[in-house]
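Take a look at the letters that make up each chain.
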Amino acid sequence: IIAEIIKLHPGIGGHIIKVKFVEFDDDRCGEFDTYKNEISICKNLAQSQKEVTLLHEIIHALNSTLDADNDMGHIFIESLSQQLYQVITDNKLFR
């Protein structure tokens, strides 16, 4: 089960991110809207792919708070989200 609300940086008054499940007209798995503070995830994905996509979009959300000079590229974010998901599942951190 994926939460509908995610708090980023809660200790310093951070952002509240809404998560919703949608159908995209293209092959996207998800997206983060910086203006709406909203993550959209394709509702037709398998549960594990939804979880990877959520991590990917959370990293995009965190990345959006960085200075432009520290911006992570999309390929790095994709790799990081896949590796992080593997660590989480191998260690049964999602239940």
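Residues numbered from 1 in each chain as written. Predicted model: local features only at pLDDT ≥ 70, side-chain atom pairs only at ≥ 80, totals over all residues. Heavy atoms only, no water.

*Asks:* What should I look at first to understand unusual backbone geometry in this one?
*Replies:* What is expected of a backbone is that most residues other than glycine have negative phi and most peptide bonds are trans. In this structure, Asn37 takes a positive phi of about 50 degrees despite not being glycine. If you trace the backbone, Asn37 turns up in the loop between strand E3 (30-33) and strand E4 (38-42). Judged by relative accessible area, which is 22%, Asn37 ranks as partly exposed. Positive phi is not limited to glycine here, since Lys92 has a value of about 55 degrees. Relative to the helices and strands, Lys92 resides in the segment after helix H2 (74-90). (Helix = DSSP H or I, 4+ residues; strand = E, 2+ residues; numbered from the N terminus. Buried < 20%, exposed > 50% of the residue type's maximum accessible area, 1.4 Å probe, protein only.)

*Asks:* Please explain the sheet that holds E3 as it appears in this structure.
*Replies:* The strands that make up a sheet are held in pairs by hydrogen bonds between backbone atoms, and each pair lies either parallel or antiparallel. Pairing is mixed across the open sheet formed by four strands, whose spatial order is E1-E2-E4-E3. Each edge of the open sheet is held by one strand with a lone partner, namely strand E1 (5-8) and E3. Ignoring which end each strand starts from, the neighbouring axes of this sheet average 20 degrees apart. Sheet topology note: the strand E2 (residues 15-22)/E4 ladder contains five bridges and is parallel. Counted as the bridge partner of Phe21 is Ile41 from E4. Sitting on the sheet, helix H1 (residues 47-63) is in contact with E1, E2, E3 and E4, with an inclination near 155 degrees to E4. (Pairing = 2+ DSSP bridges. Axes fitted to C-alpha atoms, helices over the stretch in contact; angles between N-to-C directions. Contact = heavy atoms within 4.5 Å.)

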